[in-house]
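Examination of the molecular architecture
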Amino acid sequence: MSQQGYVAAPPYSQAQPGMGGYQGGFGGGPAQPLYGHYGGPPQAFAAPPAGMMKSPVSSAAGMPPPPASNQYNPNVQQNGAHPQRYPAPQAASVYGQPLQSPYNSMASMAPPPAQQLTNQMSSMNLGNYAPGPMQSPPPPTSSVQQPFQTSPPQAMGQPQMSPGPQSPHMSPQMSPQQSPMSGPPMGGPPMGGPPMGGPPMGGPPMGGPPMGGPPMGGTPMGGPQMTGPPMAGMGRPFPGPPGPGGFQQPGPGAAGPPGYPQQAGQFGGNMAGHQPGMPGAFPGAPGGMAGPPQKKLDPDSIPSITQVIEDDQVKRGGQVYSTNIRGQIPPLVTTDFTVQDQGNASPRFMRCTTYSLPCTADLAKQCQVPLASIIKPLANLPENETPLYVVNHGETGPIRCNRCKAYMCPYMQFIDGGRRYQCGFCNCVNEVPVFYFQHLDHMGRRVDFYERPELSLGSYEFVATLDYCKNNKPPNPPAYIFMIDVSYNNIKSGLVKLICDELKNLLEHLPSEEGVEASAIKVGFVTYNKVLHFYNVKSALAQPQMMVVSDTAEMFVPLLDGFLVNYQDSRAVISNLLDQIPDMFADTNESETVFVPVIQAGVEAFKAAECSGKLFIFQSSMPTAEAPGKLKNRDDKKLVNTDKEKTLFQPQKGVYEQLSKECVAQGCCVDLFLFPNQYMDIATMADVPSHTGGSVYKYNNFQVETDGEHFLRDLRKDVQKSIGFDAIMRVRTSTGFRATEFFGAIHMNNTTDIEMAAVDCDKALTVEFKHDDTLSEETGAHMQCALLYTTINGQRRLRIHNLSLNCSSQLSELYKSCETDSLINFFSKSACRAILNQPLKTVREILVNQTAHMLACYRKNCASPSAASQLILPDAMKVFPVYINSLMKTAPLVGSTELSTDDRAHQRLLIMGMGVEETQLLLYPRLTPLHNMDVSIKTHPAPVRCSEERLTDSGMFLLENGHSMFLWLGQAIPPDLVQNIFNLPSLAHLQGNMCALPELDNPLSNKVRAIINDLIEKRPNSMKLHIVRQKDKPEMVFRQFLVEDKGLHGGASYMDFLCYVHREIRQLLT
């Protein structure tokens, strides 16, 4: 794990007295008391004599702190054996000057000084930056500082803006102090002596201060450089007098909503409040400012997700990941690797936000990194990995600790010659049952260690005994009931016929346990509008029989025998029924539907059959007929951006809440396929699916020609995916911490049992942990997830996943062991839950504040001391700000009246059940160039950064985020490309509503279709392909997925957000 970090380097290699906000070296004066309870030994910031640097609290690997004398010595060697300006920072990232290898590790950098200087000089892009206080962040480098350019210094007072192309991130009229990257160019002479701080490579700083400080020297923070609303599109200007230019009057539309209240920061001191009427309030208001043209910022200089993904794939792709080491960090979710279970659960089942927990609650509070695990208990394993072993202890059932009830696992310690074992969770000593006794070897390990999965593996299953079954009798196999809305809309659109035709084929492929020929699942059919029609499809009948229940207030199932049947036995009758349904209702005029009685009918049917199962409900409109659960339109765009906006996401209580509980108690999972033409109140209708482990699929303005295939792919995946029913899960932990919060498509009756009517291979739940005591570095921390469920064949099983983590009293260890993808999954789910109870503005503020806190704590406790104008990020979290910014631009979190309330509610519910790979892809879509790929190789072309700047007029790009897929065509795309892909002479001939590529027999067409099909196959949801031409109207929809750019409905660009977070961090640190 490279210890190196990356600093967004300032124009000065030393922190000078009075520079960038730290008086006299570091600390001194007011800095000390302002740290609030932001822990950590304060001595790191006591003011040393000017000109001397203190070494950081935890000096890397015991390197000597640099002596005072050579702070300005141009000959400092950088190889650790000699004193150096920066003792290798703890896994952090440096944005600074352009060395060619953007993120290389410290280890490789130790040429002799002279040679090193030459190397540095030769690798500087001298042409890129104008001299003087320019507003651009220099590109990344590893932590060697190399800030100077070799042209004569300029007069400080008049910043010369080189007339360059305008930055895409700024509105043309922004004044200098509006620039995303900086405070105002200072009017007077620089403070604190000569700007340069000494001999090394004289000449003015390159590229001006990144991120916010005044050019050279300048006042301590809180002075003018903190003015200027943080970039256009971000909220919250900073307090403090305006800079020399002052603010012009905001232009039209610049005021934005009232911004953030003054808050006491956790670090002491007030956090900035919003000053009304300033440009750039949160939702993308442009700043109405005039000023000289800005130098274009270099987007390559800030951390890139595609680069991080590519680096991990190069480093760990194709390798075997053995789970035998406590607290080791797995490869990224985007990397292809093979897992070998050697005592800890595979990362496919469990991932954590950090693999090294802080030892105490105080440390956890100080760093504010959430401690959580994302668990996907039934995750699919690739074919080359061993499926889980099933352990059967017969009548006695699984062996468990007497006190805490944890199941036998690798963390149990056998003692006393094998006659007793000590529980790894609660330390209770238990007797080993006679049948389970085995001798220990010379290492104290049982002789049968490798023969028993529960002793040597992280994940395995136990066959559950009758004690684990309802009413102490074995469960029946589950049932699937298909419930089709046959109101006017669905008949007219052709949907009913489409479903009936597909079911004939789909029922042949119902899921079954591996190695079992026929599926044990029973099936039943209901159609409904204002009344419900049940069908008797008993195999003995020649024709199906229909029974109508019109009293929807007291729901019951009119037949027991013949409603739920085995498909193989009743195939002829069912096929007959599916042929008749579309014709039976062909002339219907009934447009009203019921909804709650439909689910009640399903629950009643499962009760009568004493089984669990799943309802597939196909509904096209809001239930307005007189019946329980009748809804009325409550969509109100006037609530957006008010404190009442949260009501749009809250389900209507009463009958729906009760229904969820009944479903969970019976093990009835509800999957909802919606085909709305207008508002449906998804927040309420999807409440039952979202508490029963179900899924909600939505097809707006459904048309069979363009959406039919998309819907059928979803239906096939949904029916065929592996799934467990009537599930209950518990997460146990070793002493010192415990599970406190649970997020997912779940129901909680008490604080520990997670109940799911069903759980499938794509559903993940996120569990947050809190300390209740001190953790020990020696023993580490253990967690065990136990899932009790019924298999598709009706067998009761216990699936156990175990994971062990490190514990550390060093914050640097925690930051080194973080996993950004898991962190963002946690933040996505907690934000999506928070918007039910808090105004969106508050939720967005909390996200930004916590991001700034986590990074400020790293900066203060783990990074080497450096100038305040540097943005220093932990290596493992360097792309975290991209994801947080993208999260704040998702439909649920953007307060925009242009987005439909149903779309926002739907996406909120989707996120709640997502695993780590799904949130990663949703928040950073893959943008892949297809026009220049090598068609002869099998692998997919590498994705590029998700920004408009990466698109080319002559290119063809595929963008997908797991839910939407776009093929973008540049206006200057070569005709032969168009011919090869579409069989058309030019783009002008392209039809607007095309949703699939024609099958042409040429290498390019084959390759592009293979890539698209492969992605659709791989993702849990099917995706509809949208073909968009550059400059066409539908292109706007495509652009909102370019998450590094400014949001269409509000939200900052990545570059702007990074500066904003940097300012927040600086505020916290002063």
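See above for the structure.
Note that the structure is a prediction, hence the values are computed from the model and not measured. (Residues numbered from 1 in each chain as written. Predicted model: local features only at pLDDT ≥ 70, side-chain atom pairs only at ≥ 80, totals over all residues. Heavy atoms only, no water.)

Turning next to the overall build of the protein. When helices and strands are tallied, the protein shows 22 helices and 34 strands. When the 1070 residues of the protein are sorted by exposure, 61% land in the buried category. Counted over contacts in the protein with a minimum sequence separation of 6, partners at least 24 positions apart contribute 75%. For the protein, the computed accessible surface area is about 38800 Å², with 52% contributed by carbon and sulfur atoms. (Helix = DSSP H or I, 4+ residues; strand = E, 2+ residues; numbered from the N terminus. Buried < 20%, exposed > 50% of the residue type's maximum accessible area, 1.4 Å probe, protein only. Contact = heavy atoms within 4.5 Å. Areas by Shrake-Rupley, 256 points an atom, 1.4 Å probe, with all protein chains shown as cover.)

Another point: the sheet that holds strand β24 (residues 737-743). Overall, antiparallel pairing links the four strands, which are arranged β7-β9-β27-β24 in an open sheet. Lying at the two open borders of the sheet, with one neighbouring strand each, are β7 (350-352) and β24. Neighbour-to-neighbour, the strand axes of the sheet open up by a mean angle of 25 degrees, direction not taken into account. (Pairing = 2+ DSSP bridges. Axes fitted to C-alpha atoms, helices over the stretch in contact; angles between N-to-C directions.)

Moving on, we come to helix α8 (residues 596-609). Since the α-helix advances by 3.6 residues per turn, residues separated by three or four positions end up pointing in the same direction. Taking 1.5 Å as the rise per residue, α8 with 14 residues should run 20 Å; its terminal C-alpha atoms sit 20 Å apart, in good agreement. In terms of burial, α8 is a largely internal element, ten of the 14 residues being buried. Three or more residues of α8 are buried, namely V596, P597, V598, I599, Q600, A601, G602, V603, A605 and F606. Positive backbone phi, at 50 degrees, marks E610, one or two positions downstream of α8. (Expected span 1.5 Å × (residues − 1).)

Looking now at the sheet that holds strand β12 (residues 420-422). Here three strands make up an open sheet; going across it, the order is β11-β12-β13 and the pairing antiparallel. Unpaired on one side and paired on the other, β11 (413-415) and β13 (429-431) mark the two borders of the sheet. Averaged over all neighbouring strand pairs, the angle between strand axes comes to 35 degrees, with direction disregarded. Pairing between β12 and β13: three bridges, direction antiparallel. Residue pairing in the sheet places Y421 in a bridge with N430 of β13.

As for its placement among the helices and strands, I325 is situated in the loop between β5 (320-322) and β6 (338-340). On the accessibility criterion, I325 (48% relative accessible area) is partly exposed. Expressed as a C-alpha distance, the spacing of I325 and N806, which sit 481 residues apart in the sequence, is 9.7 Å.

What follows deals with the pattern of salt bridges. In this structure the tally under the stated criterion is 46 salt bridges. Across the pair D416 and R419 runs a salt bridge, and its minimum N-O distance is 3.8 Å. D416 sits in the partly exposed class, given a relative accessible area of 38%. Look at R419 and you get partly exposed, because its relative accessible area is 48%. Ionic pairing is found between E948 and R1039, a salt bridge with its closest N-O pair at 3.1 Å. (Salt bridge = Lys/Arg side-chain N within 4 Å of Asp/Glu carboxyl O.)

What follows concerns the pairing of strand β29 (residues 796-808). In terms of burial, β29 is largely enclosed, as twelve of its 13 residues are buried. Sheet topology places strand β14 (residues 459-463) next to β29; five bridges connect them, and they run antiparallel. By the bridge assignment, Y460 is partnered in β29 with I800. Where strand β28 (residues 781-790) and β29 come together, ten bridges link them in antiparallel fashion. Residue A781 lies in a different strand from β29, and its bridge partner there is L805. Hairpin geometry of β28 and β29 is characterised by an intervening segment of five residues between the two adjacent antiparallel strands and by a positive phi of about 90 degrees at G794.

The first and last C-alpha atoms of helix α7 (residues 571-584) sit 20 Å apart over 14 residues, in line with the 20 Å expected at 1.5 Å per residue. Among the residues of α7, V573, I574, L577, L578, I581 and P582 are the ones counted as buried. Buried-residue contacts for α7 involve α6 (495-506), β16 (522-528), β17 (532-536) and β19 (565-566).

In this section: the nonpolar core. With 156 residues, the main nonpolar core has F534, I599, I617 and Y815 as its most contacted residues. When residues of this core are assigned to their parent elements, the largest contribution, ten residues, is made by helix α15 (residues 840-861). In contact with I617, other than residues within four places in its own chain, are M483, Y528, F595, V598, I599, V670, D671, L672 and F673. Within the second largest apolar cluster, 44 residues are counted, among which are V486, V573, F675 and F725. (Core = buried A, V, L, I, M, F, W, Y, C linked by side-chain atoms within 4.5 Å.)

Tallied over the full model, the rule gives zero disulfides. Of all cysteine sulfurs, the one in C668 lies closest to C611, which takes part in no disulfide; the gap is 9.4 Å. Taking relative accessible area as the criterion, C611 reaches 8% and is therefore assigned buried. Of all cysteine sulfurs in the structure, the one in C367 sits closest to C857, which takes part in no disulfide; the separation is 5.6 Å. Assessed through its relative accessible area of 0%, C857 is described here as buried. (Disulfide = S-S within 2.5 Å.)

Moving on to empty space enclosed by the protein. Remark: the empty space left among the atoms is shown by a probe the size of a water molecule rolled over them. In this structure the tally under the stated criterion is nine cavities of 30 Å³ or more. Here the second largest cavity is characterised by a volume of approximately 100 Å³. If you go around the second largest cavity, you meet 15 residues; those closest to its centre are Y321, Q328, A345, Y355 and L803. If you tally residues by element for the lining of the second largest cavity, the top one is β29, at three residues. (1 Å grid on protein atoms, 1.4 Å probe; cavity = no way out; pocket = protein on both sides within 12 Å on 5 of 7 lines; lining within 4 Å. Points joined across faces, edges and corners; volume = space filled by probe spheres on them.)

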